[in-house]
Amino acid sequence: MNKLKAAIIKEILLLLRDRVGLAILFIMPMILIFVMTLIQDSAFKTLNEKGIPIVFVNNDNDSLGIEIGVGLRSSELCTVYDSINGKPATAETARQAVADGQFLVGIVIPAGATEAVRKNVTQLVEQTLSTDPVIETKVPDSVDIKIFIDPITKKSFIASVTSSLREFISGIKTKIMFRSFAEQIAEIIPDKKKTPSNAFGQTQIIRYQEIYASKTIGAIVPNAVQHNVPAWAIFAMFFIVMPLSGSIMKEKTEGSIFRLHTMPSSYLMLINGKIIVYVLVCLLQLALMLSVGFFFLPMLGLPVLQMGHSIAGILIISVATAFAATGYAVMVGTIASTEQQGAIMGALSILLLSALGGIWVPTYVMPQMMRNLSAFSPLNWSLEGFYELFLRGGDAASVAGSALKLMIFFVITMVIASFVNKLNRRA
Amino acid sequence: MSSNAIIETHDLLKVFKGSDEPVVKGISFSVQRNEVFGLLGPNGAGKTTTISILCGLFPPTSGKVTIDGMSLQGDLAGIKQIVGVVPQDIALYPTLSARENLNFYGNMYGVTGKVLKDKIEAWLHNFGLTEAANRRVSTYSGGMKRRLNLIAGILHDPKILFLDEPTVGVDVQSRNVIIEHLQALNKKGTTIIYTSHHMEEAEHFCTQVAIIDYGKIIAKGSPAELIAAYPGCTNLESVFLHLTKRKLRD
């Protein structure tokens, strides 16, 4: 017990005196969380909230133009502008402004569009209700609504805009059609004359409700904070590969390991001191990163980190992640022959595993092949555990699978490290 | 095993992985209790490899080693309890102070509490390091590091002390202090196995020496016996040069 205590004290002292190592452990991940969350939050707003700038030119000034304008303005998809640099937008200035990148999308409703729709619909209704067997069938005039698109605009967003436009136009066509039918019927049956009702157009027969599938009531909406805080905390925990493998390498190069191997202490006992200290460091890192998400990010106008309702779940996945990260660092430090080799091997492998594990980009935007590969990254197992708690409202039982995988990973890395150490000493 | 031998080696052979040439080629020797045994030889002769095998750092390719009645292959843990090692390279944590280093190594040897504290203070005082005891080792001179390196290997009062060139690169003052304290330890009953390139130092310090070259022992005996055995040789250095010749080694 005294040996373990001495090994722990030694590791703590070595760590406290390694300022670069401390900066890597605590300051770098905090900066990453701030920067990545701010960047992704801004991107998130641009794509999903009111950030998309649209220039809207209404030359129609009748029902169709007015309805589309009102519809776009009430949408959460975009912000609608009808002037450019203080002057009312025209089709030409709108096209130019989109080409200049001032707006992502420009929509031009041509003059007389409502009238053309009304005329076409009335004509179709007349043809339908006519008793004349030889009525001439006319092809309706089309209404050309122009949409200017900045080439950088995402296809999914263009699809959303055009879909919304179709919805508005379809609604207006239905209203006009209903009114026209009512007028035609009133002419055929004069004693049933009634003022056409607007009720049809205002009635929403089918409604949609968007609900995030969560295990608890009061769903947590995914946002940049909910992804980035756990993601970069996990990254930071695994990045202890740098100071820890460095510490193991220094013991080799500075000769301490020579003396340690001649002492009546096992390799496992020596490594246990490191494991205990670095597992605690990992947990400290996580606590710090979660505090950043909870206390500091809201000060920058970002959403507060929601941590679900299971403290036991957070503890289980955190401890399992800390052990997996520490085991990985011990393995790298044991396998590497030089400090430089350990640093390169450690840093590159963690960057690769984090990219694969969905730390940089969520796995759902990856191609299927990469999504399959991500299942092999321990960082992904950990992230999935935190998603389960922070987004899906899971509890301790729902993170048990991820935690078990991480602990098995820890055991495997320790077995490999022990085997490599024995192999090296047999030289 | 001879009656008073504390170390006995028989046909010790070591071939490192990836090499065809053995570094140690079947050497046999014994060290008596309370001896100061010098293992002398030019660079690359196999001294450090032999000491590394004896203190359990890596196993021999073949051959037998018995230390204080325990087999190296069968009771390594027991052997580690009774030996102290002072490696050729400074085996200390440069960012820790002398006290912190000694506290750690003392505990690793199983010395704890007040006993350890008293030993640390006594040895720091003996080697003139008390004032610098709380300074980081990285700020020490070469001589101070050598002295501290030695203390770290003797805190647990080992029965057998392996010293691999303990005075290399130090000034005369530090060397004298180191040798004086090693002689005092030997008087108290510690058997010392020592390697060095300082023939004059070895001649005065060692009770027995073995000269090793190209992995083989080429001469054994007390310094006086060896000097007498080779006519024309007036000291251990001349015996050494006579036996190992003047060819430069890798």
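Residues numbered from 1 in each chain as written. Chains lettered and ligands numbered in written order. Predicted model: local features only at pLDDT ≥ 70, side-chain atom pairs only at ≥ 80, totals over all residues.

## Observations regarding the overall build of chain A
Defined as follows: Secondary structure elements are taken from DSSP: a helix is a run of H or I of four residues or more, a strand is a run of E of two residues or more, and numbering for both begins at the N terminus. Partly exposed residues are those whose C-beta has more than 12 but fewer than 20 other C-beta atoms within 10 Å; with 20 or more the residue is buried, with 12 or fewer it is exposed, and the C-beta atoms are placed from the backbone. Once C-beta atoms are placed from the backbone, any two residues with those atoms within 7 Å are in contact.
For chain A, the count of helices and strands is 16 helices and 6 strands. Residues counted as buried form 37% of the 427 residues belonging to chain A. Intrachain contacts of chain A at a sequence separation of at least 6 include 80% that bridge at least 24 residues.

## Some words on the overall build of chain B
Filter applied, for reference: The reference for a compact globule is 2.2 Å times residues^0.38; the radius of gyration itself is calculated from the C-alpha atoms.
What chain B contains, in helices and strands, is 9 helices and 10 strands. In terms of overall dimensions, chain B is globule-like: its C-alpha atoms have a radius of gyration of 18 Å, near the 18 Å expected for 250 residues. In chain B, which comprises 250 residues, the share counted as buried stands at 44%. Excluding contacts between residues fewer than 6 apart, the proportion of contacts in chain B whose partners are at least 24 apart in sequence is 70%.

## Regarding the interface of chain A and chain B
Quick note on the threshold: Polar here means any residue outside two lists: the nonpolar Ala, Val, Leu, Ile, Met, Phe, Trp, Tyr, Cys and Pro, and the charged Asp, Glu, Lys and Arg; Gly therefore counts as polar.
Between chain A and chain B, the contact holds 21 residues from the first and 30 residues from the second. Among the secondary structure elements, those contributing two or more residues to the side of chain A that touches chain B are helix H1 (2-16) and helix H10 (256-261) of chain A. It is H1 of chain A that provides the largest number of residues to the side of chain A that touches chain B, a total of 6 residues. Looking at side-chain class alone, the side of chain A that touches chain B contains 8 nonpolar, 6 polar and 7 charged residues.

## Digging into the environment of Ile-66 of chain A
Residues and elements named next belong to chain A. Mapping Ile-66 onto the fold places it in helix H3 (residues 63-74). Exposure remark for Ile-66: the 15 C-beta atoms within 10 Å place this residue in the partly exposed category. Considering only alpha carbons, one finds Ile-66 and Ile-344, 278 residues apart in sequence, at a separation of 61 Å.

## What about the sheet that holds strand E10 (residues 216-221) of chain B?
All names here are of chain B. Filter applied, for reference: Strand pairing is assigned whenever DSSP identifies at least 2 bridges connecting the two strands. As a rule, the C-alpha atoms of each element are fitted with a line to give its axis, helices using only the stretch in contact, and angles between N-to-C directions run from 0 to 180 degrees.
As summarised here, the arrangement of the 6 strands in space is E6-E7-E8-E3-E9-E10, forming an open sheet in which the pairing is mixed. Of all strands in the sheet, those with a lone pairing partner are strand E6 (83-86) and E10, marking the two edges. Averaged over neighbouring strand pairs, the angle between their axes works out to 15° when direction is ignored. Across 4 bridges, E6 lies against strand E7 (residues 160-164) in parallel orientation. Within E7, the position partnered with Val-83 by the bridge is Ile-160. Contacts between helix H9 (residues 236-244) and the sheet are confined to strand E3 (36-40), strand E9 (208-213) and E10, with E9 contributing the most and set at about 30° to the helix.

## Description of the domain arrangement of chain A
Let me state the cut-off plainly: Boundaries between domains were set according to an automatic or database domain assignment.
Taken domain by domain, chain A comprises domain 1 (2-44 + 222-425) and domain 2 (51-202). Computed from C-alpha atoms alone, the centre-to-centre distance between domain 1 of chain A and domain 2 of chain A is 55 Å.

## As for helix H15 (residues 378-390) of chain A
Which entries qualify depends on this criterion: Any helix carries an expected span of 1.5 Å times its number of residues minus one.
Between its first and last C-alpha, H15 of chain A extends 18 Å over 13 residues, near the 18 Å set by a 1.5 Å rise per residue. Most of H15 of chain A is tucked away, with 13 of its 13 residues classed as buried.

## Considering the nonpolar core
Our working rule: Note on terminology: a nonpolar core is a set of buried residues of type Ala, Val, Leu, Ile, Met, Phe, Trp, Tyr or Cys, with members joined through C-beta atoms within 7 Å.
Core analysis: the largest hydrophobic core is formed by 140 residues, its most contacted members being Met-237, Phe-238, Ile-240 and Val-241 of chain A together with Phe-162 and Ile-193 of chain B. Counting residues per element, this core draws most heavily on helix H12 (residues 311-335) of chain A, at 13 residues. Of all hydrophobic cores here, the second largest spans 28 residues; its members include Val-55, Ala-97, Ala-113 and Ile-176 of chain A.

## Looking at the packing of H1 of chain A against helix H3 (residues 98-108) of chain B
Going by this rule: Orientation labels follow simple angle bins: below 35 degrees gives roughly parallel, above 145 gives roughly antiparallel, 65 to 115 gives roughly perpendicular, and whatever is left gives oblique. A crossing counts as left-handed when the near helix is turned anticlockwise from the far one by less than a right angle, and as right-handed when that turn is clockwise.
Contact geometry for H1 of chain A and H3 of chain B: axes closest at 8 Å, N-to-C directions at 155°. Taken together, the axes of H1 of chain A and H3 of chain B are roughly antiparallel relative to one another. The interaxial crossing formed by H1 of chain A with H3 of chain B has left-handed handedness. Where H1 of chain A abuts H3 of chain B, its residues Asn-2, Lys-3, Ala-6, Lys-10 and Leu-13 of chain A lie against Glu-100, Asn-103, Phe-104, Asn-107 and Met-108 of chain B.

## Here's the deal with the sheet that holds strand E5 (residues 70-71) of chain B
All names here are of chain B. Taken in spatial order, the 4 strands make up an open sheet running E2-E1-E4-E5, and their pairing is antiparallel. Two strands close off the open sheet at either side, each with one partner strand: strand E2 (24-32) and E5. Judged from the 2 bridges that link them, strand E4 (residues 62-67) and E5 form a sheet pairing that is antiparallel. Across the sheet, the residue bridging to Thr-66 is Ser-71, located in E5. Packing of helix H1 (residues 47-54) onto the sheet brings it into contact with strand E1 (5-14), E2 and E4, and relative to E1 it is tilted by some 120°.

## Quick word on the packing of H3 of chain A against helix H5 (residues 113-129) of chain A
Remark: H3 of chain A packs on H5 of chain A, axes separated minimally by 6 Å, with the N-to-C direction vectors making an angle of 115°. On H5 of chain A, the residues touching Ser-63, Leu-64 and Gly-65 of chain A of H3 of chain A are Ala-113, Thr-114 and Val-117 of chain A.

## Details of unusual backbone geometry
A negative phi angle is the norm for most residues apart from glycine, just as the trans form is the norm for most peptide bonds. Notably, Asn-61 of chain A is not glycine yet its phi reads approximately 55°, a positive angle. The backbone of Glu-165 of chain B shows a phi angle near 50°, a positive value even though the residue is not glycine. Looking at the element boundaries, Glu-165 of chain B is found in the loop between E7 and helix H6 (172-187). Judged by local crowding, Glu-165 of chain B falls into the partly exposed class, with 19 C-beta atoms found within 10 Å.

## A short note on the confidence of the model for chain B
Here is the rule we go by: As a per-residue measure, pLDDT reflects the predictor's confidence and takes values from 0 up to 100.
In the predicted model, chain B carries a mean pLDDT of 90, and the fraction of residues at 70 or more is 97%. Interface confidence in the predicted complex, given as ipTM, is 0.86; pTM for the same model is 0.75.

## Concerning the environment of Thr-114 of chain A
Residue and element names in this part refer to chain A. Position of Thr-114 relative to the elements: it lies in helix H5. Once the C-alpha coordinates of Thr-114 and Ile-176 are considered, the two residues, 62 residues apart in sequence, prove to be 9.5 Å apart. Residues in contact with Thr-114, not counting those within four places in the same chain, are Asp-60, Asp-62, Ser-63, Leu-64 and Gly-65.

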